[in-house]
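Structural overview for review
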Amino acid sequence: MRAAQPDQTASSARLRAVRPLLWVAFAALAAGAVLCVVGWYGISGERFAERQLPYLASCTVPGAALIIAGAVLFTHGRGALSTARVEELYELLVTAGTPPEATDRQAPVATSGDSLMIPGGTLWHRADCPLVAGKPEAVPADARILATGDLSPCPICEPQSTTTPPPER
């Protein structure tokens, strides 16, 4: 656990380093928007094009440039923020290790030796398979149908692994 502490503080530092970049992006976007509004207001008050050019050159063009720069910074900051968060989650996952129940083989779903089928179905099951257990329409599997291969073994209870089709009657 102690070895994970420097990594977690490093990822936290990366997260903190990204936040000022996002604030700069918001400031550039806001300043660009204000400059564009001021430029538009100045241009709209002038009748002649030669009197509109100073507003265009001093407010509208720099405002548009600030909006583009702010959008680029914002996109870069969001990408860096996402990367830092993914790295932090990966470090937490690595330090947590593999849970013990993930490595244990699960117990079989069904263990009965009796075989059942549903008339009109495509699978045959063990009697205690959750897909047929308690269903009144489930009937004992017919050996002739199983021998023809019309029914496949159930992938949930895997009746072939420990049972054989019932003998013919």
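The coordinates are above.
Presented here is a report on the structure given in the accompanying data block.

Parameters at a glance
Residues numbered from 1 in each chain as written. Predicted model: local features only at pLDDT ≥ 70, side-chain atom pairs only at ≥ 80, totals over all residues. Heavy atoms only, no water. Helix = DSSP H or I, 4+ residues; strand = E, 2+ residues; numbered from the N terminus. Buried < 20%, exposed > 50% of the residue type's maximum accessible area, 1.4 Å probe, protein only. Contact = heavy atoms within 4.5 Å. Pairing = 2+ DSSP bridges. Expected span 1.5 Å × (residues − 1). Bend = angle between axes of the 7 residues up to and from the residue. Lys, Arg positive; Asp, Glu negative; His and termini not counted. Salt bridge = Lys/Arg side-chain N within 4 Å of Asp/Glu carboxyl O. Polar contact = N/O pair within 3.5 Å; in protein donor to acceptor, adjacent residues only side chain to side chain. Phe/Tyr/Trp six-rings, centres within 6.5 Å; stacked < 30°, edge-to-face > 60°.

This paragraph deals with the overall build of the chain. In terms of helices and strands, the chain carries five helices and four strands. Going from the N terminus to the C terminus, the chain shows its helices and strands as α-α-α-β-β-β-α-β-α. Going through the 169 residues of the chain one by one, you find that 22% of them count as buried. In the chain, the share of contacts with a sequence separation of at least 24, taken over all contacts with a separation of at least 6, comes to 64%.

Along the chain, Gly120 turns up in the loop between β1 (115-117) and β2 (123-126). C-alpha separation for the pair Gly120 and Leu151, spaced 31 residues apart in sequence, amounts to 9.7 Å.

This brings us to the sheet that holds β2. Across a sheet, strands are paired by hydrogen bonds formed along the backbone, either parallel or antiparallel in direction. Read from one edge of the open sheet, four strands run β3-β1-β2-β4, paired in mixed fashion. The strands lining the two open edges of the sheet, one partner per strand, are β3 (139-140) and β4 (152-153). Pairing geometry for β1 and β3, over two bridges, is antiparallel. Within β3, the position partnered with Leu116 by the bridge is Pro140.

This next bit is on helix α2 (residues 49-96). Taking 1.5 Å as the rise per residue, α2 with 48 residues should run 70 Å; its terminal C-alpha atoms sit 67 Å apart, in good agreement. Taken as a whole, α2 carries its principal kink of about 45° at Leu56. Turning to α2, its buried residues number three or more, namely Cys59, Gly63, Gly70, Gly77, Leu81, Ala84 and Glu91.

The next subject is the side chain of Arg126. Its place among the elements puts Arg126 in strand β2. Notably, Arg126 is buried but unbridged: the nearest opposite-charge side chain belongs to Asp128, and the N-O separation is 5.8 Å. Within the local environment of Arg126, its side chain forms a polar contact with the backbone oxygen of Cys157, the two atoms lying 2.9 Å apart.

Scanning all chains against the criterion turns up two aromatic pairs. Aromatic side chains Trp23 and Phe26 sit 6.3 Å apart centroid to centroid with 65° between the ring planes, which places their arrangement in the edge-to-face category. Highlighted residues: Trp23 and Phe26, both in helix α1 (residues 4-44), separated by three residues, approximately one helical turn. Here Trp23 falls in the exposed class, since its relative accessible area comes to 63%. You can call Phe26 partly exposed: its relative accessible area is 43%. Here the aromatic cluster, defined as three or more aromatic residues joined through ring pairs, consists of Trp23, Phe26 and Phe74.

The residue Leu22 is located in helix α1 in this model. Using a relative accessible area of 9% as the deciding quantity, one classes Leu22 as buried. For Leu22 and Phe74, which are 52 residues apart along the polypeptide, the C-alpha to C-alpha distance reads 5.7 Å. Residues in contact with Leu22, not counting those within four places in the same chain, are Phe74, Gly77, Arg78 and Leu81.

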